[in-house]
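# Topology and contacts: notes
The residues making up each chain are set out below.
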Amino acid sequence: MTKPVFRFAPSPNGRLHLGHAYSALLNADFAHRFGGRLLLRIEDIDVTRCRPEFETAIYSDLAWLGIRWEEPVRRQSEHFSDYKAAFSRLKGRGVVYPCFCSRKAIADAVQNQEAESGRPWPRDPDGASLYPGTCKALSAEAAERRISRGEAHGWRIDMAAARRISPGPYAFRRFGRDNRGDTVKADPWRWGDAMIMRKDVPTSYHLSVVTDDALQGVTHVVRGRDLEAATDLHVLLQSLLGLDAPLYHHHELVLDPIGDKLSKSRGSEALADLRREGTTAAAIRQRLGFMHFGT
Ligand code: GLU
């Protein structure tokens, strides 16, 4: 039997905090318990926000916590050709269309819709307005003309087209600590025509994560509850791309003392700060419930 494959996949756009430590330790703990392998993937597609010093800090924080991962580490910024190949498959299936809209154009279109209908425009699970479909209405010739003029554009999934060729129903397999699975219903359509190939980088979080999980043979995805809704979209992409779907475990998030989600942008206390202040890795592991980790 092949070994289960886990991965921890941080983005080097800030310093790791206790929430990342929890996720990484839980991955390592599962891998240990299930006799599996642990991979580390650096999700650095966001070239403007990711910085090499954050990547270096990821390696040293994880090693300090006692986590071991397999080499080589996969850095997404070195694999844009893989995401392009996956994108071409989606294009070949006729489920993407180019989008030239700026954020402001989308916000204005949504505002108009709301004013006209007197009703709030629907939002995706992350709270962003669903794409109002402006560029979907363009003819193929008009879109082609704008592309050949060099106009900046991304590509969105055409949910109506995807639903026609791959109607579902969708679900993913969830696993727990006892490795017993159950099936969770997924509703990819609630994401609307999500961006699959961004304007600024030639991929998206969703496209690269499903591509990499498949290419790396990941069998078990362990990540925070904040990404659970995204799994609905991931299973649709896996189906459209003909990829094997891993099993999923979405863990609780580590909250700060006032009950908010920890976040890099809010300046939550970084592991490096705790370490500098004299906190030991054993104390962190204990605080997060991994007393026996590595023993
Ligand atoms: N790179 C994502 C993050 O740091 C995690 C992606 C995933 O685990 O699927 O939030």
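These notes cover the structure that comes with them.

Criteria and thresholds
Residues numbered from 1 in each chain as written. Predicted model: local features only at pLDDT ≥ 70, side-chain atom pairs only at ≥ 80, totals over all residues. Heavy atoms only, no water. Helix = DSSP H or I, 4+ residues; strand = E, 2+ residues; numbered from the N terminus. Expected span 1.5 Å × (residues − 1). Buried < 20%, exposed > 50% of the residue type's maximum accessible area, 1.4 Å probe, protein only. Arc of directions from axis to C-beta. Contact = heavy atoms within 4.5 Å. Pairing = 2+ DSSP bridges. Axes fitted to C-alpha atoms, helices over the stretch in contact; angles between N-to-C directions. Salt bridge = Lys/Arg side-chain N within 4 Å of Asp/Glu carboxyl O. Phe/Tyr/Trp six-rings, centres within 6.5 Å; stacked < 30°, edge-to-face > 60°. Lys NZ or Arg CZ within 6 Å of the ring centre and 35° of its normal. Core = buried A, V, L, I, M, F, W, Y, C linked by side-chain atoms within 4.5 Å. Near = heavy atom within 4 Å. Polar contact = N/O pair within 3.5 Å; in protein donor to acceptor, adjacent residues only side chain to side chain. Areas by Shrake-Rupley, 256 points an atom, 1.4 Å probe, with all protein chains shown as cover. Nonpolar A, V, L, I, M, F, W, Y, C, P; charged D, E, K, R; others polar. Parallel < 35°, antiparallel > 145°, perpendicular 65-115°, else oblique. Left-handed = near helix turned anticlockwise from the far one by under 90°.

What follows is about helix 2 (residues 52-65). With 14 residues, helix 2 ought to run about 20 Å at 1.5 Å a step, and its terminal C-alpha atoms sit 20 Å apart, in line with that. The complete set of buried residues in helix 2 reads Phe 54, Glu 55, Ile 58, Asp 61, Leu 62 and Leu 65. Along the long axis of helix 2, the arc covered by the buried residues comes to 125°, so they all point the same way. Opposite the buried face of helix 2, at more than 90 degrees from it, the exposed residues are Pro 52 and Thr 56. Lining the buried residues of helix 2 we find strand 1 (5-8), helix 1 (18-33), strand 2 (37-42), strand 3 (70-75), helix 9 (271-276) and helix 10 (281-287). A positive backbone phi angle near 95° is found at Gly 66, which sits one or two residues after helix 2.

Another aspect to go through is the sheet that holds strand 8 (residues 195-197). Spatial ordering of the open sheet is given by 4-5-8, a layout of three strands whose pairing is antiparallel. At either margin of the open sheet sits one strand with a lone partner, and together these are strand 4 (96-99) and strand 8. Across the sheet, the mean angle separating the axes of adjacent strands is 45° when strand polarity is ignored. With two bridges connecting them, strand 5 (residues 154-157) and strand 8 associate as antiparallel partners. Its bridge partner lying in strand 8, Trp 155 is registered against Met 197.

Scanning all chains against the criterion turns up 28 salt bridges. The shortest N-O distance in the salt bridge between Asp 158 and Lys 136 comes to 3.2 Å. With Asp 158 in the loop between strand 5 and helix 6 (159-165) and Lys 136 in the loop between helix 4 (103-117) and helix 5 (140-148), the pair connects residues that are 22 residues apart, well separated along the chain. Take Lys 136: its relative accessible area is 37%, and that puts it in the partly exposed class. Of the charged contacts, one joins Asp 232 and Arg 190 as a salt bridge, the two residues approaching to 2.8 Å between their closest N and O atoms. One end of the pair, Asp 232, is in helix 8 (residues 228-241); the other, Arg 190, is in the loop between strand 7 (181-186) and strand 8, and 42 residues separate them in sequence.

Attention shifts here to the pairing of strand 6 (residues 170-175). Where strand 6 and strand 7 come together, six bridges link them in antiparallel fashion. From the neighbouring strand, Arg 174 faces strand 7, where its bridge partner is Asp 182. Hairpin connection from strand 6 to strand 7: five residues lie between these consecutive antiparallel strands, with Asn 179 at a positive phi of about 65°.

Taken as a whole, this structure holds 13 aromatic pairs when the rule is applied. Measuring from centroid to centroid gives 5.3 Å for Phe 30 and Phe 34, while their planes differ by 65°, and the two rings are edge-to-face. Of the two residues, Phe 30 and Phe 34, both sit in the buried class. Aromatic ring contacts, followed pair by pair, group Phe 6, Phe 30, Phe 34 and Phe 175 into a single cluster. Positioned over the ring face of Tyr 131 is Arg 156, at 3.9 Å from the centre of the ring.

So, about the nonpolar core. In this structure, Leu 90, Ile 157, Leu 207 and Leu 236 are the most contacted members of the largest nonpolar core, which totals 36 residues. Those elements giving two or more residues to this core turn out to be helix 3 (80-92), strand 5, helix 6, strand 6, strand 7, strand 8, helix 7 (205-215) and helix 8. The element that contributes the greatest number of residues to this core is helix 8, accounting for eight residues. With residues near it in sequence (within four places) discarded, Leu 236 still touches Ile 157, Met 159, Ala 162, Ser 166, Tyr 170, Pro 188 and Trp 189.

Before going further, it helps to spend a moment on the site of the ligand. Around the ligand, the neighbouring residues are Arg 7, Ala 9, Pro 10, Ser 11, Glu 43, Tyr 205, Val 209, Arg 223 and Leu 227. Glu 43 places a side-chain nitrogen or oxygen 2.6 Å from a nitrogen atom of the ligand. Within the side chain of Arg 223, one N or O atom sits 2.8 Å away from an oxygen atom of the ligand. Contact with the protein chains covers 79% of the free accessible surface of the ligand, which is 300 Å². Considering only residue class, the shell around the ligand consists of five nonpolar, one polar and three charged.

Residue placement: Arg 173 occurs in strand 6. Look at Arg 173 and you get partly exposed, because its relative accessible area is 40%. Sequence spacing of Arg 173 and His 220 is 47 residues, and the spatial spacing of their C-alpha atoms is 9.8 Å. Excluding anything up to four places from it in sequence, Arg 173 contacts Gly 181, Asp 182, Thr 183, Leu 247 and Tyr 248. Within the structure, the side chain of Arg 173 is placed 2.7 Å from the side chain of Thr 183, a separation counted as a polar contact.

Look at helix 7 against helix 8: their axes get within 10 Å of each other, and the N-to-C directions meet at 60°. Judged on the interaxial angle alone, helix 8 and helix 7 are oblique. By crossing handedness, the relation of helix 7 to helix 8 is classed as right-handed. Counted together, Tyr 205, His 206, Leu 207, Val 209 and Val 210 of helix 7 and Ala 230, Leu 233, His 234, Leu 237, Gln 238 and Leu 241 of helix 8 form the full contact between these two elements. Of the residues belonging to the contact of helix 7 with helix 8, the class tally is eight nonpolar, three polar and no charged.

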